[in-house]
Amino acid sequence: MAHLNGIEREKFVNKTFTDIASRYVFMNHLMTGGMDILLRKETIRIANLKMGERVLDLGTGTGDLAREARIKNNGLFLIASDFTLAMMTATRDWNMIQRTSADALTLPFEEDTFNVVMSGYLVRNVSSLEKALAEQFRVLRPGGRVVILDMTRPRHNLLTPIINFYLKSIVPLLGRIFNRNRDAYTYLIQSTQNFVTAENMVLAMEKTGFQNIRFRIRMFGTMAIHDGIKPQE
Ligand SMILES: C[S@@+](CC[C@H](N)C(=O)[O-])C[C@H]1O[C@@H](n2cnc3c(N)ncnc32)[C@H](O)[C@@H]1O
């Protein structure tokens, strides 16, 4: 599960999302009480998308982040990519969004292609955060922006026992009841607990070469939105 590495992890992640694809959107709204919608809207606000920009939504899944971008600005050149076909075919509304199958660790795009690379709940699933960030950096134009929304390892506070109970017991239970797949939702939570803290994510982005990195913590410390820029040469 979350301890798997390399190709084994990629296969597991691909199978997990194939299994839960048909109920992915419903489960997201249920588990977050609809907050996932607001967080995607905030991610798009932070991305500050402008007319005519080339935008990549990486790990697009059912395309919710890409659609949010299209709603905000319908003059974008928008590409959505994922390596799980079942996620991309679980929804039909891809109007004005180009879809392509791609592994986030070996992107099929030339360097300096995009003004913005964004992702929602992708990075904690990849088998190498370092490679995924390096690929995002490579395909961004100088001055381009990266925006990353994902779950993050919550800091300890008074709510920690309640948050842990919700994440470790309630979420897998909801997964079992509504998606007949407890393991997938156990994995989704484990992947958060094994993931970097928001501060270490900043360090990883800095190491890749990104600058002006900021982050905001949301949902009782369980979600983070990072952004940064690829410096001008
Ligand atoms: C939790 S879903 C997020 C979907 C969507 N971005 C959202 O905001 O709801 C994670 C997606 O990342 C994709 N993914 C995970 N690892 C990937 C990789 N190495 N390359 C491409 N897609 C990947 C999965 O297939 C899945 O569709």
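Rules used in this analysis
Residues numbered from 1 in each chain as written. Predicted model: local features only at pLDDT ≥ 70, side-chain atom pairs only at ≥ 80, totals over all residues. Heavy atoms only, no water. Axes fitted to C-alpha atoms, helices over the stretch in contact; angles between N-to-C directions. Helix = DSSP H or I, 4+ residues; strand = E, 2+ residues; numbered from the N terminus. Parallel < 35°, antiparallel > 145°, perpendicular 65-115°, else oblique. Left-handed = near helix turned anticlockwise from the far one by under 90°. Contact = heavy atoms within 4.5 Å. Nonpolar A, V, L, I, M, F, W, Y, C, P; charged D, E, K, R; others polar. Pairing = 2+ DSSP bridges. Phe/Tyr/Trp six-rings, centres within 6.5 Å; stacked < 30°, edge-to-face > 60°. Buried < 20%, exposed > 50% of the residue type's maximum accessible area, 1.4 Å probe, protein only. Lys NZ or Arg CZ within 6 Å of the ring centre and 35° of its normal. Right-handed = clockwise from strand over helix to strand, strands pointing away.

1. Some remarks on the packing of helix 1 (residues 6-20) against helix 8 (residues 182-193)
For any two helices packed against each other, one specifies the inter-axial angle together with the distance between the axes.
Right, on to step 1. Packing of helix 1 against helix 8 leaves a shortest axis separation of 10 Å and a crossing angle of 130°. In this view, helix 1 runs oblique relative to helix 8, as classed from their interaxial angle. Remark: the crossing between helix 1 and helix 8 carries left-handed chirality. For the pair helix 1 and helix 8, contact is made by R9, F12, V13, T16, F17 and I20 and by A184, Y185, Y187, L188 and S191, respectively.
Right, on to step 2. Looking at the contact of helix 1 with helix 8 residue by residue, the classes come out as eight nonpolar, two polar and one charged.

2. Digging into the sheet that holds strand 2 (residues 77-82)
Right, on to step 1. With mixed pairing, seven strands are arranged side by side in an open sheet as 3-2-1-4-5-7-6. The strands lining the two open edges of the sheet, one partner per strand, are strand 3 (98-101) and strand 6 (211-218). Neighbour-to-neighbour, the strand axes of the sheet open up by a mean angle of 15°, direction not taken into account.
Right, on to step 2. As defined by bridge partners, strand 5 (residues 140-151) adjoins strand 7 (residues 223-229) across seven bridges and the pair is classed as antiparallel. Among the inter-strand pairings, I148 is bridged to a residue of strand 7, identified as H226.

3. Concerning the packing of aromatic side chains
Right, on to step 1. This structure, assessed with the given rule, holds four aromatic pairs.
Right, on to step 2. Consider the rings of F12 and Y187, whose centres lie 5.2 Å apart with planes at 75°: the pair is edge-to-face. One end of the pair, F12, is in helix 1; the other, Y187, is in helix 8, with 175 residues separating them in the sequence.
Right, on to step 3. Seen in terms of ring centroids, F17 and Y24 are 6.4 Å apart; in terms of plane orientation they differ by 70°. Their pairing is edge-to-face. The same class applies to F17 and to Y24, which are both buried.
Right, on to step 4. Over the ring of W94 we find R67, and its NZ or CZ is 5.6 Å from the ring centre.

4. So, the pairing of strand 5
Right, on to step 1. Strand 5 sits mainly inside the fold: nine of its 12 residues count as buried.
Right, on to step 2. Between the parallel pair strand 4 (residues 114-120) and strand 5, the chain is carried across by helix 6 (residues 129-139), and the sense of this crossover is right-handed.

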